[in-house]
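# Structural features, examined
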Amino acid sequence: VEASIPEPLREAWRKYSVSEFGNKEEFEKELVRHIETTLARSMYNCDEHAAYSGTALAFRDRLIIEWNKTQQRQTFTDQKRVYYLSLEFLMGRALDNAMLNVGMKDAARDGLHDLGFRVEDVVEQEHDAALGNGGLGRLAACFLDSMATLNYPAWGYGLRYRYGIFKQEIVNGYQMEVPDYWLDNNPWEFPRHEITVDIQFYGRVKNYQDETGKIAHSWEDGEIVQAVAYDVPIPGYGTKTTNNLRLWSSKASSGEFDFQKFNAGDYESAVADQQTAETISAVLYPNDNLERGKELRLKQQYFWCAASLFDIVRRFKKTRRAWNEFPDQVAIQLNDTHPTLAIVELQRILLDKEGLEWDEAWNIVTKTFGYTNHTVLPEALEKWSVPLMQNLLPRHLQIIYDINLLFLQSVEKRFPQDRELLSRVSIIEESHPKMVRMAYIAIIGSHKVNGVAELHSDLLKTTLFKDFVKIYGPDRFTNVTNGVTPRRWLHQANPLLSALIAEKLGGHEFLTDLTLLDKLEAFVDDKDFRDEWAHIKTMNKLRLAKFIKRTTGHAVDPNSLFDVQVKRIHEYKRQQLNIFGVIHRYLSIKAMSAEEKKKVVPRVSIFGGKAAPGYWMAKTIIHLINKVADVVNKDPDVGNLLKVIFIEDYNVSKAEIICPASDISEHISTAGTEGSGTSNMKFVMNGGLIIGTCDGANIEITREIGESNIFLFGNLAEDVEELRHRHFYGSFKLDPQLEKVFTAIKGNMFGDAADFSALTASIEEHGDYYLVSDDFNSYITTHGMVDEAFKNKEAWLAKSITSVARMGFFSTDRVINEYADSIWNVEPLVVKD
Ligand code: GPK
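Residues numbered from 1 in each chain as written. Predicted model: local features only at pLDDT ≥ 70, side-chain atom pairs only at ≥ 80, totals over all residues. Heavy atoms only, no water.

## Structural notes on the overall build of the chain
Secondary structure assignment for the chain yields 34 helices and 24 strands. In terms of overall size, the chain behaves like a compact globule, its C-alpha atoms giving a radius of gyration of 28 Å where 833 residues would be expected to give roughly 28 Å. If one aligns the C-alpha atoms of the chain with their principal axes, the spans along those axes are about 95 × 75 × 60 Å. Burial statistics for the chain: of 833 residues in total, 59% are counted as buried. Put simply, 77% of the contacts in the chain that link residues at least 6 apart link residues at least 24 apart. (Helix = DSSP H or I, 4+ residues; strand = E, 2+ residues; numbered from the N terminus. Rg over C-alpha atoms; globule rule 2.2 N^0.38 Å. Buried < 20%, exposed > 50% of the residue type's maximum accessible area, 1.4 Å probe, protein only. Contact = heavy atoms within 4.5 Å.)

## Here we look at the side chain of serine 653
Within the secondary structure, serine 653 sits in helix α26 (residues 652-658). You can call serine 653 buried: its relative accessible area is 9%. Within the structure, serine 653 has its side chain in polar contact with the side chain of aspartate 128 (distance 2.8 Å). Leave out the neighbours within four places in its chain, and serine 653 touches Arg93 and Asp128. (Polar contact = N/O pair within 3.5 Å; in protein donor to acceptor, adjacent residues only side chain to side chain.)

## Examining the environment of glutamine 300
Structurally, glutamine 300 can be placed in helix α10 (residues 295-318). When the C-alpha atoms of glutamine 300 and asparagine 686 are compared, they prove to be 37 Å apart, with 386 residues separating the residues in sequence. Aside from chain neighbours lying at most four places away, what touches glutamine 300 is Leu159, Tyr161, Ile280, Val283 and Tyr285.

## Observations concerning the sheet that holds strand β1 (residues 81-85)
Pairing in this open sheet of nine strands is mixed, and the strands run β7-β10-β11-β4-β1-β12-β13-β17-β18 from one edge to the other. Sheet topology places β7 (190-201) and β18 (477-479) at the edges, where each strand pairs with a single neighbour. Neighbouring strand axes in the sheet, compared pairwise and without regard to direction, differ in orientation by 25° on average. Pairing of strand β17 (residues 448-451) with β18 involves three bridges; the strand directions are parallel. The residue of β18 that forms the bridge with valine 449 is phenylalanine 477. Lying on the sheet, helix α7 (residues 135-149) is in contact with β1, β4 (154-159), β10 (223-235), β11 (242-252) and β12 (330-335); it crosses β10 at an angle near 55°. Taken strand by strand, helix α18 (residues 454-462) contacts β17 and β18, and its axis lies near 165° from that of β18. (Pairing = 2+ DSSP bridges. Axes fitted to C-alpha atoms, helices over the stretch in contact; angles between N-to-C directions.)

## Comments concerning empty space enclosed by the protein
Taken as a whole and assessed by the stated rule, the structure comprises six cavities of 30 Å³ or more. In this structure, the second largest cavity spans a volume of roughly 80 Å³. Elements represented by at least two residues in the lining of the second largest cavity include exactly β1 and α10. For the lining of the second largest cavity, the element with the highest residue contribution is α10, accounting for three residues. Partitioning the lining of the second largest cavity into residue classes produces four nonpolar, two polar and three charged. (1 Å grid on protein atoms, 1.4 Å probe; cavity = no way out; pocket = protein on both sides within 12 Å on 5 of 7 lines; lining within 4 Å. Points joined across faces, edges and corners; volume = space filled by probe spheres on them. Nonpolar A, V, L, I, M, F, W, Y, C, P; charged D, E, K, R; others polar.)

## As for the sheet that holds strand β24 (residues 711-712)
Strand order in the open sheet formed by six strands is β21-β20-β19-β22-β23-β24, and the pairing between neighbours is parallel. Looking at strand neighbours, the two that pair on one side only are β21 (642-647) and β24, the edges of this open sheet. Of the pairings in the sheet, the one linking strand β23 (residues 689-692) to β24 comprises two bridges and is parallel in character. Residue pairing across strands places isoleucine 691 opposite phenylalanine 711, the latter belonging to β24. Lying over the sheet, helix α33 (residues 793-805) contacts β22 (664-667), β23 and β24, oriented at roughly 90° with respect to β23.

## Points about the site of the ligand
The ligand sits among 15 residues. The nearest are Leu136, His374, Asn482, Glu674 and Gly677. At 2.9 Å, a backbone N or O of asparagine 289 approaches an oxygen atom of the ligand. At 2.9 Å from an oxygen atom of the ligand is found a main-chain nitrogen or oxygen belonging to serine 676. When isolated, the ligand has an accessible area of 430 Å², and the protein chains bury 95% of it. Its residues placed into classes, the shell around the ligand shows four nonpolar, eight polar and three charged. Lining the shell around the ligand are residues from two domains, each supplying at least three of them: domain 2 (78-93 + 130-377 + 443-481) and domain 3 (560-804). (Near = heavy atom within 4 Å. Areas by Shrake-Rupley, 256 points an atom, 1.4 Å probe, with all protein chains shown as cover. Domains from an automatic or database assignment.)

## Description of the environment of alanine 277
Here alanine 277 is to be found in helix α9 (residues 267-279). For alanine 277, a relative accessible area of 6% translates into the label buried. Taking C-alpha positions, alanine 277 is 5.5 Å from lysine 251, a pair spaced 26 residues apart along the chain. Once residues lying within four places of it in the same chain are set aside, the contact partners of alanine 277 are Val225, Ser250, Lys251 and Ala252.

## Focus: the packing of aromatic side chains
For the coordinates displayed, the defined rule picks out 30 aromatic pairs. Relative to tyrosine 302, the ring of phenylalanine 201 has its centre 5.8 Å away and its plane inclined at 80°; by these criteria the two rings are edge-to-face. With phenylalanine 201 in strand β7 and tyrosine 302 in helix α10, this residue pair connects regions lying 101 residues apart in the sequence. A relative accessible area of 1% means that tyrosine 302 is categorised as buried. Here the aromatic cluster, defined as three or more aromatic residues joined through ring pairs, consists of Tyr83, Trp155, Tyr157 and Trp248. Geometry around tyrosine 230 places arginine 160 over its ring, the cationic atom sitting 3.8 Å from the centre. A cation over an aromatic ring shows up here: lysine 299 above the ring of phenylalanine 201, its NZ or CZ 5.6 Å from the ring centre. (Phe/Tyr/Trp six-rings, centres within 6.5 Å; stacked < 30°, edge-to-face > 60°. Lys NZ or Arg CZ within 6 Å of the ring centre and 35° of its normal.)

## Remarks on the pattern of salt bridges
Considering all chains together, one arrives at 59 salt bridges under this definition. Between lysine 240 and glutamate 66 there is a salt bridge, with the nearest N and O atoms lying 3.7 Å from each other. One end of the pair, lysine 240, is in the loop between β10 and β11; the other, glutamate 66, is in helix α3 (residues 48-77), and 174 residues separate them in sequence. With a shortest N-O distance of 2.8 Å, glutamate 764 and lysine 746 are connected by a salt bridge. Remark: lysine 746 occurs in helix α30 (residues 736-746) and glutamate 764 occurs in helix α31 (residues 757-764); sequence separation between them is 18 residues. (Salt bridge = Lys/Arg side-chain N within 4 Å of Asp/Glu carboxyl O.)

## Some points on the packing of α30 against helix α32 (residues 772-791)
The N-to-C vectors of α30 and α32 enclose an angle of 105°; their axes lie 8 Å apart at closest approach. Considering their axes alone, α30 and α32 lie roughly perpendicular with respect to each other. Residues Gln737, Leu738 and Val741 of α30 form the contact with α32, whose participating residues are Val772, Ser773, Phe776 and Asn777. When the residues that make up the contact of α30 with α32 are grouped by side-chain class, the tally is four nonpolar, three polar and no charged. (Parallel < 35°, antiparallel > 145°, perpendicular 65-115°, else oblique.)

## Digging into a nonpolar patch on the surface
A cluster of nonpolar residues, Ile5, Leu9 and Trp13, forms a patch on the protein surface that exposes about 320 Å² of accessible area. Within the element layout of this structure, tryptophan 13 appears in helix α1 (residues 10-16). What makes tryptophan 13 exposed here is its relative accessible area of 56%. (Patch = residues over 30% accessible without salt bridge, like charges linked within 9 Å, V, L, I, M, F, W, Y side chains within 5 Å.)

## Structural notes on the pairing of strand β19 (residues 561-566)
The buried fraction of β19 amounts to six of the six residues, a majority that puts the element mostly inside the structure. What you see with β19 is no split at all: Leu561, Asp563 and Gln565 on one side and Phe562, Val564 and Val566 on the other are buried throughout. Pairing between β19 and strand β20 (residues 603-608): six bridges, direction parallel. Along β20, the bridge assignment pairs phenylalanine 562 with valine 604. Sheet topology places β19 next to β22; two bridges connect them, and they run parallel. Paired with valine 564 across the strands is serine 665, a residue of β22.

Listed below in structure tokens is the structure:
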């Protein structure tokens, strides 16, 4: 059915086409209309949450109008589009971001004020959209913001989880997980019940001869689950472009399949099948940097890849172009290996559905895909068991075997007689059971593979993917160093600083060209400017102090040095090193005379982050932090010289309060383990200094801001292997300062020592894989330098201002332009009004 209205009838449409509110009064009118009709409330019955819903609905109307125009424009110009496939989009709240990106926050503030509300309180009513674990998911969210802001025709594709990342509660010092049911009254999604895709699982492959006598394959029987599209508008900053994030939700197929059971009177079992289907998009797997090979996870991956590919191919086919033009119209970026099946699925569609020859199809596939790797940690590399895949996706496994065969034959031709090489690069690992190595499919099926910071990309080339560099040459591998969006992480999170910078630079252009920050260096010695800078930091510390008081009951002094480590809890990120350092500091203070104590720089050590529910060591670290906090915070010998705070349920909206409030933040992973890190960038952008190892993007941050503006410590990546080897085959000697810390723990200073024995043993007895002991001395010494530096307020301020001025490189706008030029080959769609 043609859904487009014929030209003679379009006059009426044009006449009544909705328009956007453009000022305070029009906003108020829309707000009241939504509250009184959509929400069925009134001025006698309007709390902050209703004010939030009304405001969100008013803004969502604006977004969807621009969304429609953007989509029409993109369809009309028909240029190449980017599709960003990510299992995680850690969006956080949308309202404040929408107000700022659309440029109507002042109108909303004034309008809400007229009606009896404060915009800050209204914005806080929103539940975070937490469809991600950590850095990988937040990077995808920053990318969406930059792609829209830069006017790239770009869509995100993900899953609409009913439960996002769990909510963390701390009970008696232990992490407890509570489900995050977030979908009720979510104004930001538009269900598209008319956009559905049937997704097949299980079944078998039938081989047959087609008309030409060629052997063809079809995938038959099995089960069908339906994918339903939900669209989330993504507004760019200062542009009309509003892109789309399409999230798929699973539902039982309404095909004849199920009706058989209903008709047979088997109502209960039919409903049970329905629930099974809905389980696919029910929950985000809460692991970060870890893969666990669960069947449901593989189902999620295929469900999402197949629905997205169907959608992309459907859109392409409407243009009636020849298949070889597909890569000129479509670029698909794989956010980690999670969407690797998309490669196999496109090959299947082209072969089995569209009848292309293998080589022609494979050529299209490899030109279309790019793959981003985010970690070198072996436990994060995805492998799926062959029997599992055989059962769930029999045709895909066949295609994987064919890809592998052709690939190995080409390797064999170039490197004859190197059987070792062949078995090393085979997609199939010859273990029991055999395993499919997803990263290898992603490399072989893409034209570019990138890491996320220079060191990380170098390590990929020299270690994990070394053989592939030999086979394909170095050009297939590249680096695109991560960034963050300055709209959310400077403008939205730190309105005071953003306003001060705008005042000095004569406007907010720096938000879309972050390199303009370099103009701030001219003001480093300007007394008034410095005072204001310092004042803003204090205000932001006060805001955090209030938040801490409200949520933990602890009073912290904003004149103290705020030392922050917020990120997922992981042994490689080494929160244990931090808390051992805190214990060391505590013991030192307790041993001081009253006179000595006067010289101590008061500190607040702030922690936040979730542990994967099954990651015992990470949970033990959380437990230790909370137990240390209990003891330290009520010790009168210490008073305000040291406070330890664990912020529960760290998430995006809390990060927006925390990042602007740090004096120093910690990015202290074992050298060579952190892909990039992105919170390091957020903290420096907000005028905080950092202490860190020579790892991930810390190295490039140092290069940009200068060595004198960062506190680096610890062993280098190139020495890690040798050190680990020595721990095992030489003798292990615990660092003497760390030994004092362990003695305190073992003396039950922080509760039952048995609770922490696994943690101390991993270092003393099991080889200290993360080099906590090796780096401890350097870490403690460097914190001493931080204290000394903090005493010199003027010098500290100069470092803070200089660092911000030099952070221009770390905007995701730069990152997206690099992807667009070197991987996607797409151009922005410039909009004329
Ligand atoms: C990497 F492999 C993974 C993963 O499963 N989850 C995740 O958040 C992170 N990451 C890296 O650990 C960070 O270093 C990096 O900055 C981030 O991805 C974005 O690239």
